[in-house]
Amino acid sequence: MGHPPATSSPAGATAGVSVMVSDRYVEIKNGIFEVTLSNPDGIVTGVRYNGVDNLMEILNKEDKRGYWDLVWSKLGERTGIFDVIKGTEFRIIYQDENQAEVSFVRTWDPSLEGKAVPLNIDKRFIVLRGCSGFYTYGIYEHQEGWPGFSMVETRRIMPMPEDRVSPRGQQLAYPEAVLLVDPINPDLKGEVDDKYQYSCENQYNNVHGWISFDPPIGFWQITPSDEFRTGGPVKQNLTSHVGPTMLAMFLSGHYAGDDLTPKFMTGEYWKKVHGPVFMYLNSSWDGSNPTLLWKDAKVQMMIEKESWPYYFALSDDFQKTEQRGRISDLYATSAYVGLALPGDVGSWQRECKGYQFWCRAHDDGSFSIRNIVAGDYNLYAWVPGFIGDYKLDAKLTISSGDDIYLGDLVYEPPRDGPTMWEIGIPDRSASEFYVPDPNPNYVNRLYINHPDRFRQYGLWERYAELYPDSDLVYTIDQSDYTTDWFFAQVNRRTDQSTYQPTTWQIKFNLHSVSPNSTYKFRVALASSANAELQVRFNNQDRTAPHFTTGLIGKDNTIARHGIHGLYWLFNIDVSGAWLVQGMNTIYLKQPRNQSPFQGLMYDYLRMEGPSGS
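Residues numbered from 1 in each chain as written. Predicted model: local features only at pLDDT ≥ 70, side-chain atom pairs only at ≥ 80, totals over all residues. Heavy atoms only, no water.

An unreviewed UniProt entry lists the protein chain under the name Rhamnogalacturonan endolyase, with Oryza glumipatula as the source organism.

Enquirer: Any chance you could explain the nonpolar core here in plain terms?
Expert: Note that soluble globular proteins tend to have their nonpolar side chains buried in a common cluster. Within the largest apolar cluster, 86 residues are counted, with the highest numbers of intra-cluster contacts made by Ile28, Tyr331, Phe367 and Leu379. Tallying contributions element by element places strand S22 (residues 270–283) first for this core, with seven residues. Counting contributing residues, this core receives three or more from each of domain 1 (18–149 + 199–231 + 263–307) and domain 2 (321–405). With residues near it in sequence (within four places) discarded, Phe367 still touches Ile327, Ser328, Asp329, Leu330, Tyr331, Val337, Cys359, Ala361, His362, Leu379 and Leu409. Grouped together as the second largest cluster of nonpolar side chains are 64 residues, Met249, Val435, Phe521 and Leu525 included. (Core = buried A, V, L, I, M, F, W, Y, C linked by side-chain atoms within 4.5 Å. Buried < 20%, exposed > 50% of the residue type's maximum accessible area, 1.4 Å probe, protein only. Helix = DSSP H or I, 4+ residues; strand = E, 2+ residues; numbered from the N terminus. Domains from an automatic or database assignment. Contact = heavy atoms within 4.5 Å.)

Enquirer: What is the right way to look at the domain arrangement of the protein chain in this model?
Expert: Here the protein chain is described as being made up of domain 1 (18–149 + 199–231 + 263–307), domain 2 (321–405) and domain 3 (419–608). One C-alpha centre belongs to domain 1, the other to domain 2; they are set 28 Å apart. Between domain 1 and domain 2, the residue contacts involve 13 residues of the former and 13 residues of the latter. Carbon and sulfur atoms make up 40% of the area that domain 1 and domain 2 hide from each other, which totals about 1000 Å². Considering only the side of domain 1, the residues that lose the most area to domain 2 are Glu227, Gly231 and Lys272, jointly responsible for 51% of the buried surface there. Taken together, the connections running from domain 1 to domain 2 amount to two salt bridges. Salt-bridge contacts for Arg324 lead to Glu227; the nearest nitrogen and oxygen are separated by 2.8 Å. Connecting domain 1 to domain 2 are nine residue pairs in polar contact (both at pLDDT 80 or more). When contributions to the side of domain 1 that touches domain 2 are tallied by element, the ones reaching two or more residues are strand S21 (263–264) and S22. A total of three residues in the side of domain 1 that touches domain 2 trace back to one element, the largest contributor, which is S22. (Buried area = accessible area lost by both parts, 1.4 Å probe. Salt bridge = Lys/Arg side-chain N within 4 Å of Asp/Glu carboxyl O. Polar contact = N/O pair within 3.5 Å; in protein donor to acceptor, adjacent residues only side chain to side chain.)

Enquirer: What should I look at first to understand the pattern of salt bridges in this one?
Expert: A side chain with one charge can pair with a side chain of the opposite charge if their charged atoms come near. Applying the stated criterion across every chain, the model contains 29 salt bridges. Residue Glu461 is joined to Arg493 by a salt bridge in which the shortest nitrogen-to-oxygen separation is 2.8 Å. On the criterion of sequence distance, the pair formed by Glu461 in the loop between strand S31 (419–424) and helix H2 (462–466) and Arg493 in strand S34 (residues 492–493) is long-range, its members being 32 residues apart. The exposure class assigned to Glu461 is partly exposed, which follows from its relative accessible area of 32%. In this structure Arg493 comes out as partly exposed when scored by relative accessible area, which is 31%. A salt bridge links Asp471 to Arg492, with the shortest nitrogen-to-oxygen separation between them at 2.4 Å. With Asp471 in the loop between H2 and strand S32 (473–475) and Arg492 in strand S34, this pair connects stretches of sequence that are 21 residues apart.

Enquirer: For this particular structure, what's the right way to read the sheet that holds strand S26 (residues 366–372)?
Expert: Within a sheet, adjacent strands bond to each other through the backbone by hydrogen bonds, running parallel or antiparallel. Strand order in the open sheet made by the three strands is S26-S23-S30, with mixed pairing throughout. On the outer flanks of this sheet lie S26 and strand S30 (403–408), each paired with one strand and no other. Ignoring which end each strand starts from, the neighbouring axes of this sheet average 10° apart. The pairing of strand S23 (residues 325–330) with S26 spans five bridges and is classified as antiparallel. Of the residues in S26, the one forming a bridge with Gly325 is Ile372. (Pairing = 2+ DSSP bridges. Axes fitted to C-alpha atoms, helices over the stretch in contact; angles between N-to-C directions.)

Printed below as a string of structure tokens:
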């Protein structure tokens, strides 16, 4: 459970929890802070803390301050409907001096068809005695017999003031990207602000928030578990909206596209708990070093993670420790090992309806996954440094109290013959390749000399500056992928509205060729955005490519400053008759050229000799 902030000791920290209900509001306080929720909507309209009447943006309308929302569409329709979830029924689930939990329910019925997402939604808020902040979670239910729909995203949002509108801000290639022309804080003048620059992989997205320097207050969002997020540990999600707005993304297609949009068939039963997440407040004694608030928030995050699953969340749909199971066994050092709904090899990264549970194996290869919600799963894994995915053939049924030991697991990564050459590192990311410096006109200083330098705005335009007339040529045993392989195969801009497709070349020398043998060319992609990879061997003008992926991917990673989206692995049989003794050339063409954001990111490429050679 949460604890008072380490950096301060409010006078009322020992007070009990009280709930005041009026026609319009529900006020819950515990002597440390007070949260005000609209009745029966369940919108966070106010947070009073440390002498500040309201930490929320009072210039926003009340229903635009702290709210749950989702984007949904009817099956077969692409236009999403933005829906701020407002309850129609309020009730107190539990209240005493130590704890209060309240509920705001919106119930669906057939009269709402086409007007509201066909879900029963129960938004819960929890305040504990002596706890500096509140918890919130949501229970979504789609009942049998109800219409089908798609859910693009659902999230928790906490708006604050903005500084992105004209004339202070100038919109760039898309609405979320703004050049700060005349910001209130002059130190930010000339920088780019874009919500996609603040994305983060699920596995690292545990705590984020905002610091006020005067008065010295921190407002943090702590997510102690990834189990209710979709797409697995390396799925990227937003942490901030445009402007100083804090997000908790539970489900989204960002960096994945439609593959991570759950589609509910007519009559399909589904129920899932999203959260709880913890909205944590802290403050410092004298304000001399407000960055201590960040350190304290990270300490609180560890406390919350150790306390998961929360015993105090009272919904029967949120399973407590004694209702959950555990598995353990041996795999490989640094392996990612996880449970997700049953599916095909690698299906976990597109799975978006159930819970997922992941861990990293220890140095000795052992791992343990605790607190697994009861149900049916497959066990999936992958190992950084090796291509491909592992799936345990057996379906695992987890029941309350289970402690399952599986024994040793063996993964044999794809390989037909010896490595002739390779480019990159098989880590599902393009981060090892050449990421250029940003255009000086579009810099975010946060990412200068930073490991995530790829999050700078406009890097896709740098390719045409580096290769204005001809495309990238990479020569095995001469080129260096850290400097000579651009991190994304993008289109070349020719003027303001037209783009040229690009064809990259890999040149390699063969001392001999086995014309009757089959070689293997393995290409792992870290991202594809409405793109196609065509592969030709020693014949650039061949009408039909030797291999094509067809049109794949909608993860939009190039525009959204990611270094990976969904992972794709292609294992291409190469006839020895396509190769020659001496210098060979592989042509990698991406022919789709309607947009600057269409393109590919490579993870790893490898040519293998014939098996047994």
